[in-house]
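Letter by letter, the chains look like this.
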Amino acid sequence: MTTTMTMDDRTVRRSRLRPAAALGAIAVLLLVTGELFWWPSTDQPTEVDAVIMLGGGGDRLGRALDLIEGDVAPTLVVSSPLRPALPYQPLGRFCEDPHDFELICFDPQPETTRGESQYVARLAHQRGWDEVAVVVSTDQVTRARMLLDRCWDGTIRMVATSHDQPAAWRAIYEWGAMSRAMLTRRSC
């Protein structure tokens, strides 16, 4: 016995598949977002040449200082963009005060993760560093690793800290920044 499908049967079948396909696409997008930006692979460095703190939200400085105080590295490198229009400078006093460790504060040009990666790569080459720990917020781990890896062939240990903005907002921002880094700015 053969069954013949009518036009109405096909329309019903397609209309049932559309929501399922949409839900499947959303599930895949959330899984990829989680893997890239919410639960990326991070490291627990034990000894490196320097701790690098890239700019951004969250308690990055606290996490970087924990690593320095734990004798993970003798040098702390801090991205501290200079903003002449502001009456204060981010981390200005911290960068000017004396410390028990070597501190290098720099103003990245351009003032982006890419500019920070370029500076860190130049410094690592000049200093002969083989391995660094990079402190960023969790959502930035994947992109920061990719950008620094493009500029420098040393070992990069990523250390994450939470961000003070909502995870959904950060994921949207990171998707845009990651897309730009992968599609239009593919070099160091």
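Report follows, based on the coordinates.

Here is what the cut-offs are and how they apply
Residues numbered from 1 in each chain as written. Predicted model: local features only at pLDDT ≥ 70, side-chain atom pairs only at ≥ 80, totals over all residues. Heavy atoms only, no water. Pairing = 2+ DSSP bridges. Helix = DSSP H or I, 4+ residues; strand = E, 2+ residues; numbered from the N terminus. Axes fitted to C-alpha atoms, helices over the stretch in contact; angles between N-to-C directions. Buried < 20%, exposed > 50% of the residue type's maximum accessible area, 1.4 Å probe, protein only. Contact = heavy atoms within 4.5 Å. Core = buried A, V, L, I, M, F, W, Y, C linked by side-chain atoms within 4.5 Å. Right-handed = clockwise from strand over helix to strand, strands pointing away. Salt bridge = Lys/Arg side-chain N within 4 Å of Asp/Glu carboxyl O.

### Description of the sheet that holds strand E4 (residues 131–137)
Think of a sheet as strands paired side by side through backbone hydrogen bonds, with each pair either parallel or antiparallel. Strand order in the open sheet formed by five strands is E3-E2-E1-E4-E5, with parallel pairing between adjacent strands. At either margin of the open sheet sits one strand with a lone partner, and together these are strand E3 (102–106) and strand E5 (155–161). Recorded for the sheet is a direction-independent mean angle of 20° between the axes of neighbouring strands. Pairing geometry for strand E1 (residues 50–53) and strand E2 (residues 75–79), over three bridges, is parallel. Residue isoleucine 52 lies in a different strand from E2, and its bridge partner there is valine 77.

### So, the environment of glycine 58
Its location among the elements puts glycine 58 in the loop between E1 and helix H2 (60–69). Residue glycine 58 is classed as partly exposed on the basis of its relative accessible area, which comes to 30%. When the C-alpha atoms of glycine 58 and threonine 138 are compared, they prove to be 9.4 Å apart, with 80 residues separating the residues in sequence. Every residue in contact with glycine 58, bar those within four places of it in the chain, is listed here: Ser162, His163 and Asp164.

### With respect to the nonpolar core
If you look at the biggest cluster of nonpolar residues, it comprises 21 residues, and the most contacted ones within it are Ile52, Val77, Trp129, Val132, Val134 and Trp152. Of all the elements in the fold, those that place two or more residues in this core are E1, E3, helix H4 (113–127), E4, helix H5 (141–151) and E5. Every residue in contact with valine 134, bar those within four places of it in the chain, is listed here: Ile52, Leu54, Leu148, Ile156, Arg157, Met158 and Val159.

### Some points on the pairing of E2
Within a regular strand, the side chains alternate between the two sheet faces. In terms of burial, E2 is a largely internal element, five of the five residues being buried. For the segment spanning E1, H2 and E2, crossover handedness is right-handed. Of the pairings in the sheet, the one linking E2 to E3 comprises five bridges and is parallel in character. Each bridged residue has a counterpart across the sheet, and for valine 78 the counterpart in E3 is cysteine 105.

### A closer look at the pattern of salt bridges
In a structure, side chains of opposite charge can pair up when their charged atoms sit close to one another. Going through the model one piece at a time under the given rule, you end up with four salt bridges. A salt bridge links glutamate 102 to arginine 127, with the nearest nitrogen and oxygen atoms 2.7 Å apart. Of the two residues, glutamate 102 sits in strand E3 while arginine 127 sits in helix H4, which places them 25 residues apart along the sequence. The exposure class of glutamate 102 is partly exposed, given its relative accessible area of 34%. Arginine 127 sits in the partly exposed class, given a relative accessible area of 37%.

### Focus on unusual backbone geometry
Here the residue pair glutamine 109 and proline 110 is connected by a cis peptide bond, since its omega of 0° sits within 30 degrees of zero. By secondary structure assignment, the location of proline 110 is in the loop between E3 and H4. Positive phi outside glycine occurs at aspartate 71, with the angle close to 60°. Note on placement: aspartate 71 falls in the loop between H2 and E2.

Spatial relationships are all this shows, so hold off on functional conclusions.
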